[in-house]
Amino acid sequence: MSLFESLKASCNEEWRQYIEHDFVRQLGKGTLPRECFQHYLKQDYLFLIQFSRAWGLAIYKSDDLDSMRYAQAGLNAMLDTEIGMHVQYCRDWGIDEQALNHLPEAAATVAYTRYVLDTGMAGDLLDLHVTLAPCILGYAEIAQWLAAQPDTVREGNPYNDWIEMYLSEEYRQAAQTELELLEKLGADLPEPRLHQLQNRFRTATRMEVSFWQMGLDLTE
């Protein structure tokens, strides 16, 4: 069993709650309230800023040039492309950049992002990527899950662009590259180390569940 499959298997129920969350289901059906999606988009902008810091930390935690270059590419993509695209996407949903720059972080955003950074600081590069995996690899799996559901609406769904983004070949390739690095870093792990990583992965997955719930409940 691959490391990623082992990590998922160690928290089957939490992973299912994440992938099949009611926020995701409503998004797929096109019934998610507009204000819930807007709240999610705002907090996701703040998440991306902290995510950029995590990629910077990945450079520091890397032991070889290939890993450093991969992390640098991730950081550059976040700062030069992803955040700008997210700002534009938010604008399309009636959220201007000035509003984004004055947002308070919701408790779920703080909890999740600081957990990732704290784990990365305390551990090594593998610890960091294990806590990033539910986001990077999970979103690809969520999009595929949505595409396979008979009640997912594509035509006329205001959230179809979001689904398409994570179904895209570009995103699938990015997720595959992350998966390959995760498996490389996690080869031949002793049982105690695997158990430690499973606990980290479970916590990060629980944080993802809370992030969806934050959007659904409009909590701060």
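### Things to note about the overall build of the protein chain
Move 1: The helix and strand inventory of the protein chain stands at eleven helices and zero strands.
Move 2: In the protein chain, the succession of helices and strands from N to C terminus is α-α-α-α-α-α-α-α-α-α-α.
Move 3: In terms of overall dimensions, the protein chain has a C-alpha envelope of 50 × 40 × 30 Å along the principal axes.
Move 4: Looking at the protein chain as a whole, 51% of its 220 residues qualify as buried.

### A closer look at the environment of T81
Move 1: Following the sequence through the fold, T81 ends up in helix α5 (residues 65-92).
Move 2: Given the relative accessible area of 37%, T81 is considered partly exposed.
Move 3: Once the C-alpha coordinates of T81 and Y18 are considered, the two residues, 63 residues apart in sequence, prove to be 26 Å apart.

### Things to note about unusual backbone geometry
Move 1: Unlike most non-glycine residues, D188 shows phi in positive territory, near 55°.
Move 2: Here D188 shows up in the loop between α10 (169-185) and α11 (191-217).
Move 3: Judged by relative accessible area, which is 80%, D188 ranks as exposed.
Move 4: With a phi close to 60°, L218 is a non-glycine residue in the positive phi region.
Move 5: With respect to the secondary-structure elements, L218 resides in the segment after α11.

### Topic: the environment of Y60
Move 1: Summarising the element assignment, Y60 is placed in helix α4 (residues 34-61).
Move 2: Here Y60 falls in the exposed class, since its relative accessible area comes to 66%.
Move 3: Distance from Y60 to D161, taken between C-alpha atoms, is 35 Å for residues 101 residues apart in sequence.

Rules used throughout
Residues numbered from 1 in each chain as written. Predicted model: local features only at pLDDT ≥ 70, side-chain atom pairs only at ≥ 80, totals over all residues. Heavy atoms only, no water. Helix = DSSP H or I, 4+ residues; strand = E, 2+ residues; numbered from the N terminus. Buried < 20%, exposed > 50% of the residue type's maximum accessible area, 1.4 Å probe, protein only.

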